[in-house]
Amino acid sequence: MSGNIVMPKLGLTMTEGTVSEWNVAIGSEVAKGDVMFSIETDKIVTEVEARDEGRILEILVAEGETVDVGVVVAKWTGPTASMDVESTSESESAATPDSSVSAAAATEVVAAGGRVKSSPSARRLAKEHGIQLENVVGTGPGGRIQQTDVELLMKGAIVRPAEPQVEEPPTVRPATRLEKYVASRLQHSKQTIPHFYVHANADLTDLLAMREQMKAEAPVEPPPSVNDFIILATARAMSAQPALNSVWQDDEILQMASVDIGMVVDTENGLHIPVLRDVSNCSLYDVARSSRALGKRARAGELDLAEMQGGTMSISNVGMIGQVSLVPIINPGQSAIVGVGAPSGVFRPDKEGKPLLRQEAPLVLSCDHRIYDGVMAAKLLSAICADLASPGKILGA
């Protein structure tokens, strides 16, 4: 035997209702007084309680579905429910005393003050646990908050998303003449020069120790920087391979008479590359004095055009700001550039195979394939690394 649970009539004018929430499932054992489902009309939301006990056999109307008064919404083992239940309006008729279901106190879906749409069970549970209904995402009809929504929030499963932030529009300014010039030259370089790259790690352990000794022995004049060592080592390695001291120009190869090295300097107005002249014939201290003077003039905006022209190679060092490595773009008009990264500790085996801590910096040689081939580039970078690993050669040469 089974009984029917029908859509109750909540008042004289009610003709249909919406099942907004089921509190039971098929197979649920229902005790007297348990809330079985909630009904939503255009005026109220009502919880329907069981007047008898029984077990749910079928649920015939899904949540959110609207049916006429008297339509069977479920079947259970309890008695068939009367269509009339207690009205929530003082002017509406009362329920028959032997009805199998009754309406709990109904509540308006949205109060005059704009209250959040929620079921009575959801509000009761939220109140018990101190939860603000404004923070709950409603999954019921029209976004109405149901008891299961509050339970999900308690489990941390669903939280109302934060209001989207209004993004400020980007600030737009025209590029300066210098920025346009630099952008145009670098774009031309990358598009027209066939770049390729060779990587190596330079052992700077002895070089860094030598610099510390120089600081102690000559505290008045600043000792040469790591970059000065790299500039001179690069110039001497190129002097040993004079074919690399060349540039490609209008289907011709121009081999330069002296080794001139560009030095990338960061300034308030962007990167500038002053050129040190005839570096291979300079001492380390000559290079140090020239690089300091040119760097100072670059940062002050006092370089003239002649000081930034010429050269076949440049050095771009980002090691002083802690960058690991750099793969640079060749300066237009030249044929190569060395990117220098920050030194870091690396264990290498000594002659007996025991680990020995060394300080190594990554070097990346960017080359114009019209001037360099892979063997030439590898030999040049190896020669640079060899001199940096034995800085006494650079200092004494």
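Because the structure is a prediction, the values reported are computed rather than measured. (Residues numbered from 1 in each chain as written. Predicted model: local features only at pLDDT ≥ 70, side-chain atom pairs only at ≥ 80, totals over all residues. Heavy atoms only, no water.)

Chemist: Lay out the overall build of the chain in plain terms, naming residues and giving numbers.
Modeler: The helix and strand tally for the chain stands at eight helices and 20 strands. Of all 397 residues assigned to the chain, the portion counted as buried reaches 42%. Considering only contacts within the chain whose residues lie at least 6 apart along the sequence, 61% involve residues at least 24 apart. Accessible surface, the chain as shown: approximately 21,300 Å² in total, 53% of it carbon and sulfur. (Helix = DSSP H or I, 4+ residues; strand = E, 2+ residues; numbered from the N terminus. Buried < 20%, exposed > 50% of the residue type's maximum accessible area, 1.4 Å probe, protein only. Contact = heavy atoms within 4.5 Å. Areas by Shrake-Rupley, 256 points an atom, 1.4 Å probe, with all protein chains shown as cover.)

Chemist: Can you tell me about the pattern of salt bridges, naming the residues and giving the values?
Modeler: As enumerated under the stated definition, the model contains 11 salt bridges in all. For the salt bridge of Glu29 with Arg55, the shortest nitrogen-to-oxygen distance reads 3.6 Å. Of this pair, Glu29 sits in strand β3 (residues 29-30) while Arg55 is found in strand β6 (residues 54-59), placing the two residues 26 residues apart along the sequence. Close ionic contact of Arg297 with Glu307 constitutes a salt bridge, the shortest N to O distance being 2.8 Å. Of this pair, Arg297 sits in helix α6 (residues 284-299) while Glu307 sits in the loop between α6 and β17 (313-317), and the two are 10 residues apart along the sequence. (Salt bridge = Lys/Arg side-chain N within 4 Å of Asp/Glu carboxyl O.)

Chemist: Let's hear about the sheet that holds strand β8 (residues 72-76): which residues, and what values?
Modeler: Ordered by their spatial adjacency, four strands build an open sheet running β1-β8-β6-β3, and the pairing between neighbours is antiparallel. Across the chains shown, the open sheet's two edge strands, defined by having one partner strand only, are β1 (3-6) and β3. Two strands pair when backbone bridges link them, and β3 and β6 are joined in this way by two bridges, in the antiparallel orientation. For Glu29, the partnering residue across the bridge sits in β6 and is Arg55. (Pairing = 2+ DSSP bridges.)

Chemist: Describe the environment of Gly27, with residues and values.
Modeler: Mapping Gly27 onto the fold places it in the loop between β2 (16-22) and β3. Exposure remark for Gly27: the relative accessible area of 38% places this residue in the partly exposed category. Expressed as a C-alpha distance, the spacing of Gly27 and Leu57, which sit 30 residues apart in the sequence, is 6.0 Å. Not counting chain neighbours up to four residues away, the residues in contact with Gly27 comprise Arg55 and Ile56.

Chemist: Could you give an account of the environment of Leu57, naming the residues involved and the relevant values?
Modeler: Along the polypeptide, Leu57 turns up in strand β6. Take Leu57: its relative accessible area is 29%, and that puts it in the partly exposed class. Sequence separation between Leu57 and Thr77 is 20 residues, and the spatial gap between their C-alpha atoms is 7.1 Å. In contact with Leu57, other than residues within four places in its own chain, are Ser2, Ile26, Lys75, Trp76 and Thr77.

Chemist: Summarise the side chain of Arg211; cite the residues concerned and give the values.
Modeler: Secondary-structure assignment places Arg211 in helix α4 (residues 205-217). Although Arg211 is buried, it makes no salt bridge; Glu212 carries the closest opposite charge, 5.1 Å away. If sequence neighbours within four positions are ignored, Arg211 has contacts with Pro223, Pro224, Ser225, Val226 and Phe229. (Lys, Arg positive; Asp, Glu negative; His and termini not counted.)

Chemist: Could you give an account of helix α2 (residues 147-154), naming the residues involved and the relevant values?
Modeler: Of all the residues in α2, the buried ones are Asp149, Val150 and Leu153. Viewed end-on, α2 has its buried residues packed into an arc of 100 degrees, placing them on one side of the element. (Arc of directions from axis to C-beta.)

Chemist: For the nonpolar core, give the residues involved together with the corresponding values.
Modeler: In this structure, Ile261, Met313, Leu363, Leu365, Tyr372, Leu380 and Leu388 are the most contacted members of the largest nonpolar core, which totals 46 residues. Ranked by residues supplied to this core, first place goes to helix α5 (residues 226-240) with nine residues. If we skip the residues at most four places from it in the chain, Leu380 touches Ala237, Met238, Gln241, Leu244, Met313, Leu365 and Tyr372. Among the nonpolar cores identified, the runner-up in size contains 19 residues, and Ile5, Val48, Ile56 and Val61 belong to it. (Core = buried A, V, L, I, M, F, W, Y, C linked by side-chain atoms within 4.5 Å.)

Chemist: Tell me about the packing of α5 against helix α7 (residues 374-389), residues and numbers included.
Modeler: For the pair α5 and α7, interaxial distance at closest approach is 9 Å and the crossing angle is 135 degrees. Accordingly, the angle class assigned to the pair α5 and α7 is oblique. Seen from above, α5 lies across α7 with right-handed handedness. The residues of α7 that touch α5, namely those facing Phe229, Ile230, Ala233, Thr234, Ala237 and Met238, are Leu380, Ala383, Ile384, Asp387 and Leu388. Looking at the contact of α5 with α7 residue by residue, the class counts come to nine nonpolar, one polar and one charged. (Axes fitted to C-alpha atoms, helices over the stretch in contact; angles between N-to-C directions. Parallel < 35°, antiparallel > 145°, perpendicular 65-115°, else oblique. Left-handed = near helix turned anticlockwise from the far one by under 90°. Nonpolar A, V, L, I, M, F, W, Y, C, P; charged D, E, K, R; others polar.)

Chemist: Mind laying out unusual backbone geometry, listing which residues take part and the relevant values?
Modeler: With the exception of glycine, most residues fall at negative phi, and the peptide bonds are largely trans. Its identity as a non-glycine residue notwithstanding, Asp250 has a phi of 50 degrees, on the positive side. Structurally, the position occupied by Asp250 is in the loop between β11 (246-249) and β12 (252-255). One non-glycine residue, Asp251, adopts positive backbone phi at about 65 degrees. Position of Asp251 among the secondary structure elements: in the loop between β11 and β12.

Chemist: How would you summarise α6 if you had to cite specific residues and measurements?
Modeler: With 16 residues, α6 extends 22 Å between its outermost C-alpha atoms, agreeing within 8% with the 22 Å of an ideal straight helix rising 1.5 Å per residue. Here α6 has its buried residues at Leu284, Val287, Ala288, Ser291, Leu294, Gly295 and Ala298. The buried side chains of α6 occupy one side of the element, clustering within an arc of 145 degrees when seen end-on. At the exit of α6 stands Gly301, carrying a positive phi of roughly 75 degrees. (Expected span 1.5 Å × (residues − 1).)

Fair warning: the whole summary comes from geometry, so function is off the table for now.
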